[in-house]
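Summary of structural features
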Amino acid sequence: MKRRASVFVAALALLTGSACPATTPGSEAPEGQSAGARRGSAAAITTSEHQHRPREAPVARYGASVDHRLSATETAVLLRLESGGAARFEHDLALSRMMRGLARATPSRNDMPPELVDGLLAWHGIADAPPQVMIVELTPDPADCETKPSAPCEEPIEALAASARALLATPGNWKVGVGVSKGPGGGLRMMVGLIDRAFEIQPIATQAPAGKSLRLRGKLIGARTKPDLHLVDAQGQWRKLPVMRANDGGIEAGFSCGAKPGVYQVELFATGAHGPEVVANFPIHCGVPRPKEIRYTLERVGPKVPTATVEGENFRALNEAREAAGLPALVWDEPLARVARSHSADMVRSNFVGHVSPRTGDAAQRVRKAGIASAVV
């Protein structure tokens, strides 16, 4: 099971007066690109395979402290965030380390492949769900804002900080990271990553020998309850693990790497204000070395592609994955699709991501309101 990445990106380049066109296939090739593949009607969606090797050494334990120093410009962005007064957050050095890597690696401000984000989170020892990302891109960077926050850099820094402060004003256990770097095309990216941390993990190894027993320990944050731990082994076999709970939100669970080497995926759920949510999700390399590079697929949607085409392509990809796992194909149901579209629009309007809406309830309630008879939702 892969980390279910959900990266919210606010691209603020236009606010800085540096209107940069979105990257299109063939206009800018990220490092390590291999031959691309096409799928979908009239090449509505194109994919290509890539590799990225981070400059920083991989972190040995999730949740461990890291040695990282902010640049002068990154420090200026962080100070501007703190100057807002009302925003309460904690600066997370590991997240800043990761955000600098993301600024350096992501193909364009409009393209942040989930596999790249997942890989960078694991590389830097972050077990949380993916961050929300605010980004300003300067192309070119005549004032050298990468290394010194001079007067011409004030406007983009303030635009970035103002956008992040707006999110920080909402309730949450906010952790913040700041990264500034030139990207693959030479443009300067300033990024702020924000995580509403739901689980404080105690340090745990990112790799272990085959057969090694490990313990996951930590504490749920806020009003989250009902921890639910899943493990997917190197053969893709899923199992649910028992979790010991304490009254203060602390949890503990044990699991083993198993005799067969490979990558094991650990995924911890908890119930929050909007229903079940992923509060931690990370790979453990059992009996195999960690890779020296991050491999990811870059997927791009062509211009003026209708939503229905994207829906159809994702549904087709889902059935392909089910077939590969030996499961029967699903059948498209348009009334259910309308319920899903309505919930998607509700999340956009109400600025949340979750199964439970303050307006429409949970999925089963939405299906019942639509007059759809179903035994299981």
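Rules and cut-offs
- Residues numbered from 1 in each chain as written.
- Predicted model: local features only at pLDDT ≥ 70, side-chain atom pairs only at ≥ 80, totals over all residues.
- Heavy atoms only, no water.
- Buried < 20%, exposed > 50% of the residue type's maximum accessible area, 1.4 Å probe, protein only.
- Helix = DSSP H or I, 4+ residues; strand = E, 2+ residues; numbered from the N terminus.
- Pairing = 2+ DSSP bridges.
- Contact = heavy atoms within 4.5 Å.
- Expected span 1.5 Å × (residues − 1).
- Polar contact = N/O pair within 3.5 Å; in protein donor to acceptor, adjacent residues only side chain to side chain.
- Disulfide = S-S within 2.5 Å.
- Salt bridge = Lys/Arg side-chain N within 4 Å of Asp/Glu carboxyl O.
- Core = buried A, V, L, I, M, F, W, Y, C linked by side-chain atoms within 4.5 Å.

**Things to note about the pairing of strand S18 (residues 275–286)**
- Most of S18 is tucked away, with nine of its twelve residues classed as buried.
- Pairing between strand S11 (residues 207–208) and S18: two bridges, direction parallel. Considered in S18, the bridge of Gln-207 is made with His-285.
- Relative to S18, strand S17 (residues 262–272) is paired through eleven bridges, and the arrangement is antiparallel. The residue of S18 that forms the bridge with Thr-271 is Pro-276.

**Side note on the sheet that holds strand S13 (residues 225–232)**
- The sheet built from five strands is open, its strands ordered S11-S18-S17-S13-S14 with mixed pairing. With one partner strand each, in any of the chains shown, S11 and strand S14 (238–241) form the two edges of the open sheet.

**Some points on the pairing of S14**
- Note that S13 and S14 share four bridges and pair antiparallel. Residue pairing across strands places Leu-229 opposite Leu-241, the latter belonging to S14.
- Counted along the chain from S13 to the antiparallel partner S14, the turn is five residues long, and its residue Gly-236 has a positive phi close to 85 degrees.

**Details of the environment of Leu-102**
- Inspection of the secondary structure assignment puts Leu-102 in helix H2 (residues 93–105).
- The exposure class assigned to Leu-102 is buried, which follows from its relative accessible area of 0%.
- The contacts of Leu-102, once residues within four sequence positions are left out, are Met-112, Leu-116, Val-117, Leu-120, Val-133, Arg-189 and Met-191.

**Section: H2**
- Over its 13 residues, H2 runs 18 Å from end to end, which matches the ideal 18 Å to within 8%, given 1.5 Å per residue.
- Where H2 begins, one side-chain oxygen reaches toward the backbone nitrogen of Ala-94, 3.0 Å away; that side chain belongs to Asp-92.

**With respect to the sheet that holds strand S16 (residues 250–256)**
- Reading across the sheet, the four strands line up as S9-S12-S16-S15 and stay open at both edges, with antiparallel pairing between neighbours. The strands lining the two open edges of the sheet, one partner per strand, are strand S9 (199–201) and strand S15 (244–245).
- Taken together, the two bridges between S15 and S16 define a ladder with antiparallel strand orientation. Note that in S16 the partner of Met-244 across the bridge is Glu-252.

**Some words on the state of the cysteines**
- What the rule picks out here adds up to two disulfides.
- A disulfide bridge connects Cys-145 with Cys-153, and the sulfur atoms are separated by 2.0 Å. Taking the torsion about the S-S bond as the criterion, the Cys-145 to Cys-153 disulfide, at about -95 degrees, is left-handed.
- Classification of Cys-153 by relative accessible area gives buried; the value is 0%.
- Each sulfur of the disulfide joining Cys-257 and Cys-286 lies 2.1 Å from the other. On the sign convention where negative is left-handed, the bridge of Cys-257 and Cys-286, at about -65 degrees about the S-S bond, is left-handed. Of this pair, Cys-257 sits in the loop between S16 and S17 while Cys-286 sits in strand S18, placing them 29 residues apart in sequence.
- Under the relative-accessibility criterion, Cys-257 is labelled buried at 0%.
- For Cys-286, a relative accessible area of 1% corresponds to the buried category.
- What links to what in the chain: the bonded cysteines, counted in sequence order, pair as 1-2, 3-4.

**Section: helix H6 (residues 334–350)**
- Look at H6: 24 Å from first C-alpha to last across 17 residues, which is about the 24 Å you get at 1.5 Å a residue.
- Taken together, the buried positions of H6 are Ala-337, Val-339, His-343, Asp-346 and Met-347.
- Elements that come into contact with the buried residues of H6 comprise helix H7 (363–369).
- The backbone nitrogen of Leu-336 has a side-chain oxygen 3.0 Å away, supplied by the residue at the start of H6, namely Asp-333.

**Brief notes about the pattern of salt bridges**
- Counted according to the given criterion, the structure contains 25 salt bridges.
- Residue Glu-200 is joined to Lys-175 by a salt bridge in which the shortest nitrogen-to-oxygen separation is 3.6 Å. Residue Glu-200 is found in strand S9, and its partner Lys-175 is found in strand S7 (residues 174–182); the two are separated by 25 residues along the sequence.
- Among the salt bridges present, the one from Glu-334 reaches Arg-341, with a minimum N-O distance of 2.9 Å.

**Considerations on the nonpolar core**
- Membership of the largest hydrophobic core comes to 27 residues, with the highest contact counts inside it found for Phe-199 and Phe-282.
- Going through the elements one at a time, S9, strand S12 (213–220), S13, S16, S17 and S18 are the ones with two or more residues in this core.
- Excluding residues that lie within four positions of it along the chain, Phe-199 makes contacts with Asp-128, Leu-216, Arg-217, Gly-218, Lys-219, Leu-220, Ile-221, Ile-251, Leu-268, Val-279 and Ala-280.
- Grouped together as the second largest cluster of nonpolar side chains are 25 residues, Leu-78, Val-136, Ala-164 and Val-192 included.

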